[in-house]
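# Commentary on secondary and tertiary structure
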Amino acid sequence: MNSLPTADTPLYNHPLHKIEIWLREHQCERDTEEQHRWHLHRSRWSATLQLEETVLKVDYAYPPNQTKTLSFPYSLSRRDVEQAVFSFEPPEKAT
């Protein structure tokens, strides 16, 4: 069964295979060489997600050659992490 724990469950209470299902549901692709690394491509940005020991680290890239790194502790609920990671909006260009 592929059902995930409730969205208010902290990530640390999700079995690893459930986190992997969750990432795939958000169109993330596992890195072929680094199993803890996942890639995500959106129209305005891309991200590399890394399942580290105590945090989910997200490296965003967006034009023009800008980057931003955020870390989310596994104690946050899946809903909170989902809203933060997958709703990323690059800053507007300075005029």
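The structure we're discussing is the one just above.
Calculation notes
- Residues numbered from 1 in each chain as written.
- Predicted model: local features only at pLDDT ≥ 70, side-chain atom pairs only at ≥ 80, totals over all residues.
- Heavy atoms only, no water.
- Helix = DSSP H or I, 4+ residues; strand = E, 2+ residues; numbered from the N terminus.
- Rg over C-alpha atoms; globule rule 2.2 N^0.38 Å.
- Buried < 20%, exposed > 50% of the residue type's maximum accessible area, 1.4 Å probe, protein only.
- Contact = heavy atoms within 4.5 Å.
- Phe/Tyr/Trp six-rings, centres within 6.5 Å; stacked < 30°, edge-to-face > 60°.
- Core = buried A, V, L, I, M, F, W, Y, C linked by side-chain atoms within 4.5 Å.
- Pairing = 2+ DSSP bridges.
- Axes fitted to C-alpha atoms, helices over the stretch in contact; angles between N-to-C directions.
- Salt bridge = Lys/Arg side-chain N within 4 Å of Asp/Glu carboxyl O.

The next point concerns the overall build of the protein. What the protein contains, in helices and strands, is two helices and five strands. Secondary structure elements of the protein occur, N-terminal to C-terminal, as α-β-β-β-β-β-α. Against the compact-globule benchmark of 12 Å for 95 residues, the protein has a radius of gyration of 14 Å, which places it among compact chains. Overall size of the protein, expressed as C-alpha extent along the three principal axes, is 50 × 30 × 25 Å. Looking at the protein as a whole, 37% of its 95 residues are labelled buried. Within the protein, contacts between residues separated by at least 24 positions form 34% of all contacts whose residues are at least 6 apart in sequence.

Throughout the structure, instances matching the rule amount to five aromatic pairs. Each ring, one from tyrosine 60 and one from phenylalanine 88, has its centre 3.9 Å from the other, and the planes form 15°; the classification is stacked. Of this pair, tyrosine 60 sits in strand β4 (residues 55-62) while phenylalanine 88 sits in the segment after α2 (78-86), and the two are 28 residues apart along the sequence. In this pair, the class of tyrosine 60 matches that of phenylalanine 88, namely buried. One aromatic cluster is present, formed by Trp45, Tyr60, Tyr62 and Phe88 through successive ring pairs.

The next thing to look at is the nonpolar core. With 21 residues, the main nonpolar core has Leu23, Leu49, Leu56, Val58 and Val85 as its most contacted residues. The set of elements that each furnish at least two residues to this core consists of α1 (16-25), β2 (37-41), β3 (46-51), β4 and α2. In terms of residues, this core owes the most to one element, β4, which gives four residues. If sequence neighbours within four positions are ignored, leucine 56 has contacts with Leu49, Gln50, Leu51, Leu70, Ser71, Phe72, Tyr74, Val81 and Val85.

Further remarks concern the sheet that holds β3. Spatially, the five strands line up as an open sheet ordered β1-β2-β3-β4-β5, and their pairing is antiparallel. The open sheet is flanked by β1 (29-30) and β5 (66-73), the only strands paired with a single partner. As judged from the six bridges shared by β3 and β4, these two strands associate in the antiparallel manner. If you follow leucine 49 over to β4, its bridge partner there is valine 58. Contacting β1, β2 and β3, α1 crosses the sheet at an angle of about 175° to β3.

Close approach of charged atoms allows side chains with opposite charge to pair. Counted according to the given criterion, the structure contains two salt bridges. Here arginine 30 ties to glutamate 20 by a salt bridge, and the two come within 2.4 Å at their closest N and O atoms. Of this pair, arginine 30 sits in strand β1 while glutamate 20 sits in helix α1, and the two are 10 residues apart along the sequence. A salt bridge links glutamate 89 to arginine 44; its shortest N-O distance comes to 2.6 Å.

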